[in-house]
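Structure assessment
The residues making up each chain are set out below.
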Amino acid sequence: MTETGAHSDLLDGLSSSIPYIRFLGLVFERRGDEITALMPYKPDLIGNPLLPALHGGATGAFLEITAVTQLVSDTALGDKAAAGGELPEGYAPVMPKPIDITFDYLRSGKALDTYARALVQRRGRRVANVRIEAWQEERSKLIATAHGNFLLGSGA
Amino acid sequence: MTDLQQRLTGGVATPEGIGVAMVGLPHSNAMGMRLVSTENGEAVLMLPYSKDLVGDVATGVLGGGAITALLDTCCGTAVFVSKSAKITSTATLDLRIDYMRPATPGKDVYAHAECYRVTRSIAFVRALAWTETRDKPVATASAAFIVERTPQKGEEKSA
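The numbering scheme is per chain: residues are counted from 1 as the chain's sequence reads. Chain labels run from A onward and ligand labels from 1 onward, assigned in the order the entries are written. A pLDDT threshold of at least 70 governs which residues receive local features in this predicted model, and a stricter bar of 80 or more applies before side-chain atom pairs are shown or counted, although totals over entire chains, interfaces and linings include all residues.

**As for the overall build of chain B**
The way it works is that DSSP assigns letters per residue, a run of H or I at least four long becomes a helix, a run of E at least two long becomes a strand, and they are numbered from the N terminus. Check the secondary structure of chain B and you find four helices and eight strands. When the helices and strands of chain B are placed in sequence order, the string is α-α-α-β-β-β-β-α-β-β-β-β. Classification of the 159 residues of chain B by burial places 46% in the buried group. If you take every contact in chain B between residues at least 6 apart in sequence, the share linking residues at least 24 apart comes to 62%. Backbone-placed C-beta atoms define the burial measure: a residue is buried with 20 or more other C-beta atoms within 10 Å of its own, exposed with 12 or fewer, and partly exposed in between. Whether two residues are in contact is decided by their C-beta atoms, placed from the backbone, lying within 7 Å.

**Description of the overall build of chain A**
On a plain count of helices and strands, chain A comes out with three helices and eight strands. When the elements of chain A are put in sequence order from the N terminus, they spell out α-α-β-β-β-β-α-β-β-β-β. Taken over C-alpha atoms, the radius of gyration is set against a globule rule of 2.2 Å times the number of residues to the power 0.38. Expected size for 156 residues packed as a compact globule is a radius of gyration near 15 Å; at 16 Å, chain A falls within 12% of this value. Counting only C-alpha atoms and orienting by the principal axes, one finds that chain A spans roughly 55 × 30 × 30 Å. The burial tally for chain A puts 39% of its 156 residues in the buried class.

**Quick word on the sheet that holds strand β1 (residues 34-37) of chain B**
Note: two strands are recorded as paired if DSSP finds a minimum of 2 bridges between them. Taken in spatial order, the twelve strands line up as β1(A)-β2(A)-β6(A)-β7(A)-β8(A)-β5(A)-β5(B)-β8(B)-β7(B)-β6(B)-β2(B)-β1(B) in an open sheet, and their pairing is antiparallel. Every interior strand has two partners, whereas the edge strands, β1 (27-31) of chain A together with β1 of chain B, have only one. Neighbour to neighbour, the strand axes of the sheet diverge by 25° on average, direction disregarded. Along the sheet, helix α2 (residues 15-23) of chain B contacts β1 and β2 (42-47) of chain B; its crossing angle with β1 of chain B, the most-contacted strand, is approximately 155°. Structural elements are reduced to axes, namely lines fitted to C-alpha atoms, with helices fitted over the stretch in contact, and the angle between N-to-C directions of any two is expressed from 0 to 180 degrees.

**A few points about the confidence of the model for chain B**
Looking at chain B as a whole, the pLDDT averages 88, with 86% of positions reaching at least 70. Reported confidences for the modelled complex are a pTM of 0.91 and an ipTM of 0.90. For every residue, the pLDDT score states the predictor's confidence, bounded by 0 at the bottom and 100 at the top.

**Some points on the environment of Thr66 of chain A**
Residue placement: Thr66 of chain A occurs in helix α3 (residues 56-82). Considering only alpha carbons, one finds Thr66 of chain A and Tyr41 of chain A, 25 residues apart in sequence, at a separation of 16 Å.

**Remarks on the nonpolar core**
Phe62 of chain A together with Leu70, Leu71, Cys75 and Ala111 of chain B are the most contacted members of the largest nonpolar core, which totals 91 residues. With eleven residues, helix α4 (residues 64-81) of chain B is the single largest residue contributor to this core. Apart from the residues lying within four places of it in its own chain, the contact partners of Phe62 of chain A are Leu24, Leu26, Ala37, Met39, Thr114, Ala116 and Ala134 of chain A. Joining buried Ala, Val, Leu, Ile, Met, Phe, Trp, Tyr and Cys residues through C-beta atoms within 7 Å gives a set, and that set is a nonpolar core.

**Details of the packing of α3 of chain A against α4 of chain B**
Where α3 of chain A contacts α4 of chain B, the axes come no closer than 8 Å and their chain directions differ by 150°. Our classification of the angle between α3 of chain A and α4 of chain B gives roughly antiparallel. Crossing handedness for the pair α3 of chain A and α4 of chain B: right-handed. Of the residues in α4 of chain B, those in contact with Gly56, Gly57, Ala58, Gly60, Ala61, Glu64 and Ile65 of chain A of α3 of chain A are Gly64, Gly65, Ala66, Thr68, Ala69, Asp72 and Thr73 of chain B. In the scheme used here, Gly and all other residues not listed as nonpolar or charged are polar, with Ala, Val, Leu, Ile, Met, Phe, Trp, Tyr, Cys and Pro taken as nonpolar and Asp, Glu, Lys and Arg as charged. Looking at the contact of α3 of chain A with α4 of chain B residue by residue, the class counts come to five nonpolar, seven polar and two charged. An angle counts as roughly parallel when it lies under 35 degrees, as roughly antiparallel when it exceeds 145, as roughly perpendicular when it falls between 65 and 115, and as oblique in every other case. Left-handed describes a crossing in which the near helix is turned anticlockwise from the far one by less than a right angle; the clockwise case is right-handed.

**Section: the interface of chain A and chain B**
If you look at the interface, chain A gives 30 residues, while chain B gives 32 residues. Those elements that provide at least two residues to the side of chain A that touches chain B are α2 (19-24), β3 (46-48), α3 and β5 (97-105) of chain A. Partitioning the side of chain A that touches chain B into residue classes produces 18 nonpolar, eight polar and four charged. Pairing analysis gives five bridges linking β5 of chain A to strand β5 (residues 86-99) of chain B, with the strands arranged antiparallel. Counted as the bridge partner of Phe103 of chain A is Leu95 of chain B from β5 of chain B.

**What to know about α3 of chain A**
Multiplying one less than the number of residues by 1.5 Å gives the expected span of a helix. Helix length check: α3 of chain A, at 27 residues, gives a terminal C-alpha distance of 39 Å against a target of 39 Å (1.5 Å per residue), a fit within 8%. In the segment just after α3 of chain A, Gly84 of chain A is the residue with positive phi, at about 85°.

**Concerning the environment of Thr131 of chain B**
Residues and elements named next belong to chain B. Within the element layout of this structure, Thr131 appears in the loop between β7 (122-130) and β8 (137-150). Sequence separation of Thr131 and Ala43 is 88 residues, and the distance between their C-alpha atoms is 16 Å. Beyond its immediate sequence surroundings of up to four residues, Thr131 is in contact with Ala103, Thr104, Lys107, Val109 and Val138.

Written as C-alpha cells, this is what we have:
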C-alpha cells in the first residue's frame, strides 16, 4: 500500500485493537475504496481435523467482519471528504451492527489462507445491505458467500 | 483426531461423547466452548465470556462472529445427536442468523439447537442463543446441513 495516513491507520487499528479480530488473526488491505480481508491459516481455525477443513463458524465470522470493515472504511472515506480531506486525530467511527446474515457454504475451506471482499449493495441512512464472498486459491472457486443487513451508527 | 473419528463414526458414540468431541474441535476449543447437555436429541452449548472475543471495545460486547461460531457448532452438534438417524458426518450448507440484541458484556452465552427433520441427505436445524434468560434471545439461527448417514430400516425415501 502506498497510501498512508489516518484511513490506513484506521484499518490497522481495527486489526490490532479489536480482540476478536486479533483472535482470528485477520489482516485488511485497501485498494482505492475496496477492502480485501485476509484470514491467514492457523490450526486454531480448524473445525474438522479429519479433512482437514476450516470451522464454518470461523469462516462465517470472517465474512461478517469483512462486511463491517468495508462499511467502516466507507464511512471513514465519507467523513474524510466531508472534513475536507483529513480525518481528525483519534477518529473512531461507530461500528455497524449485524441485523441478520445468511451464510452459504459452497466448499469446505482447506487448511489455507482465505480471502474475502464485501460488496455494499445498498447503503441507506440506517441500514446497509452487503454481499460478501470468500475464496482461497482461486477467486473463481468461492468457499462461502454471505449476505446480510447491518445497522449503521445512529439508528441504534 | 482419531479419537474424534472414533467418537463420531464408531457407531458406539454416545450423545455426550459427540458433544464433547464437537466442543473439542480446534476452533471451538480455542474459543472456549463447553458442552452443557445433549438430552432428548437436542444440544445445549455454552461460550464463556472472554475478553479475547470482544468485538466492540467501547462496550465489551462479544463479536457477532463469535455468536455465529457458537450457533454453527451447536447446530452441528444437534444434527449428530438427533434421535432420528445415525449421522456419520455433517457439513453446513447454509446458516441464517438474526441478531436480536447484543450479548450482555461479562455474561456467558448459551445456545440451544434442535434438529427437527433429517432426510437421507439433509438435516434441518433451528437454534437460539441467549445470556441471562431464554426469553431475551441474543440471536436465533436456522440452518441446513448435508449429512452422511447409516440408512435406517423402513425409512421413507425422500430428498
